[in-house]
Every structure is written in structure tokens, then in C-alpha cells.
Amino acid sequence: MLIGAGAAAGDTVVTYCHIGQQASLAWFAARMLGYQAKLYDGSMQEWSARRDLPVVAPVATTRDSLLVTPAWLQERLAQPGIVVLHAERTRAGYDSAHIPGARLVELARFAATRNGLPTELLPVDSWSR
């Protein structure tokens, strides 16, 4: 897969994703295959928040309407109509640390399984309320 993505022997491979979590798997695989691998932990969330950095094919809505800063969120935590959701695989992850007032959303409830592994989102009408 790495060769197919254009990584040749001896290249330095930099992995990233939306927030840095999924990129860890690609980083690990690259390291195991002998590449000099680096992880951009800030990932797309950090990159796309900076107007001085290019983004290819941005979504139709503006980045400002999709992403928030810590200051923005802190100012609005107690406001009516603001619901902060902590997306986590387990209750233990949520219990270990979360933003004050955040509510747990267990990701497994949105995933289908294939061969016993979560693979994709379930159809919207099957999500429990």
C-alpha cells in the first residue's frame, strides 16, 4: 500500500489523519516496513485551522463553521443550545478525562461489524436515540 501511495525505499513517510489517532496505525506500519516514519499529530484539524496553509478540495462550508478553538468552546460551554459530545470507544476513556459538561457518545453504537470487527457506519435510521 505504501509503494502504491508513492513511498519508495529510503523515503521519509509522514502520516496524518483528521486528529492524529488513525495516522498512528499508518505510522506503525511504515516503521515496521523499514521506512523512516514521522507522525504529524496535529493532523488536518490543526493544518486546516491555519489560513496560511493550503488545503486541497475544501468542503463547501467554510472551515470556520466546522472547527472551533479552545477559546470559542470555553466561552460557550454554559450557553443553552451548546451540547459538547465526547466521542469515545469506551466509558472508561470518557471517565479518564473529558471537557466539563461533555456527554459521552459511544462510537460502537454507530458502527456495523464485519467478521466481528467494526467497519462502517450503520444506516441513520438504525441509530438508537
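Keep in mind the model is a prediction, meaning the values are calculated, not measured. (Residues numbered from 1 in each chain as written. Predicted model: local features only at pLDDT ≥ 70, side-chain atom pairs only at ≥ 80, totals over all residues. Heavy atoms only, no water.)

> Would you mind going over the nonpolar core with me for this structure?
As a rule of thumb, soluble globular proteins bury nonpolar side chains together. Among the nonpolar cores identified, the biggest contains five residues, and these are Ala7, Val13, Ala30, Tyr35 and Ala37. Beyond its immediate chain neighbours, meaning those up to four positions away, Tyr35 contacts Leu2, Ile3, Ala7, Ala8, Ala9, Asp11, Val13 and Ala30. (Core = buried A, V, L, I, M, F, W, Y, C linked by side-chain atoms within 4.5 Å. Buried < 20%, exposed > 50% of the residue type's maximum accessible area, 1.4 Å probe, protein only. Contact = heavy atoms within 4.5 Å.)

> Can you walk me through the packing of aromatic side chains in this structure?
The geometry of an aromatic ring pair is captured by the separation of the ring centres together with the interplanar angle, meaning the angle of the planes. Going through the model one piece at a time under the given rule, you end up with one aromatic pair. Consider the rings of Tyr40 and Trp47, whose centres lie 6.3 Å apart with planes at 75°: the pair is edge-to-face. (Phe/Tyr/Trp six-rings, centres within 6.5 Å; stacked < 30°, edge-to-face > 60°.)

> Any chance you could explain the pairing of strand 3 (residues 85-88) here in plain terms?
Consecutive residues of a regular strand have side chains that alternate between opposite faces of the sheet. Across four bridges, the pairing between strand 3 and strand 4 (residues 103-106) is parallel. Residue His86 lies in a different strand from strand 4, and its bridge partner there is Leu104. Each parallel crossover has a hand, and the one from strand 3 via helix 5 (residues 91-96) to strand 4 is right-handed. (Pairing = 2+ DSSP bridges. Helix = DSSP H or I, 4+ residues; strand = E, 2+ residues; numbered from the N terminus. Right-handed = clockwise from strand over helix to strand, strands pointing away.)

> Would you mind going over the pattern of salt bridges with me for this structure?
Side-chain pairs of opposite charge can arise whenever the charged atoms involved come near each other. Taken as a whole, this structure holds three salt bridges when the rule is applied. Of the charged contacts, one joins Arg91 and Asp95 as a salt bridge, the two residues approaching to 3.3 Å between their closest N and O atoms. Note that Arg91 and Asp95 are positioned in helix 5 at a spacing of four residues, about one turn of the helix. Classification of Arg91 by relative accessible area gives partly exposed; the value is 47%. (Salt bridge = Lys/Arg side-chain N within 4 Å of Asp/Glu carboxyl O.)

> Help me understand the side chain of Thr15 in this model?
Positionally, Thr15 belongs in strand 1 (residues 12-15). Separated by 3.1 Å, the side chain of Thr15 and the backbone oxygen of Ala23 make a polar contact. What Thr15 contacts, discounting residues up to four positions off in sequence, is Ala23, Ala26, Trp27, Lys38, Leu39 and Tyr40. (Polar contact = N/O pair within 3.5 Å; in protein donor to acceptor, adjacent residues only side chain to side chain.)

> Looking at this model, I keep getting lost on the environment of Cys17. Mind explaining?
In this fold, Cys17 is placed in the loop between strand 1 and helix 1 (23-32). Distance in space between the C-alpha atoms of Cys17 and Gln45 is 8.5 Å, their sequence separation being 28 residues. Residues in contact with Cys17, not counting those within four places in the same chain, are Gln22, Ala23, Ser43 and Met44.

> Honestly, the environment of Thr90 in this entry has me stumped. Any pointers?
On the secondary structure map, Thr90 appears in the loop between strand 3 and helix 5. Classification of Thr90 as partly exposed rests on a relative accessible area of 40%. Within the local environment of Thr90, its side chain forms a polar contact with the backbone nitrogen of Gly93, the two atoms lying 3.1 Å apart.

> Is there a simple way to think about the environment of Trp47 in this case?
Tracing the backbone through its elements, the reader meets Trp47 in helix 2 (residues 43-49). Looking at Trp47, the relative accessible area reads 30%, which means it is partly exposed. When the C-alpha atoms of Trp47 and His18 are compared, they prove to be 9.4 Å apart, with 29 residues separating the residues in sequence. Once you skip the residues sitting within four places of it in the chain, Trp47 turns out to touch Tyr40, Leu53, Pro54 and Val55.

> What exactly am I supposed to notice about the side chain of His86 here?
In this structure, His86 sits in strand 3. A relative accessible area of 18% places His86 in the buried class. At 3.0 Å, the side chain of His86 and the side chain of Glu88 are in polar contact. In this structure, His86 is in contact with Gly93, Tyr94, Ala97, His98, Ala102, Arg103, Leu104 and Val105, ignoring residues within four places of it in sequence.

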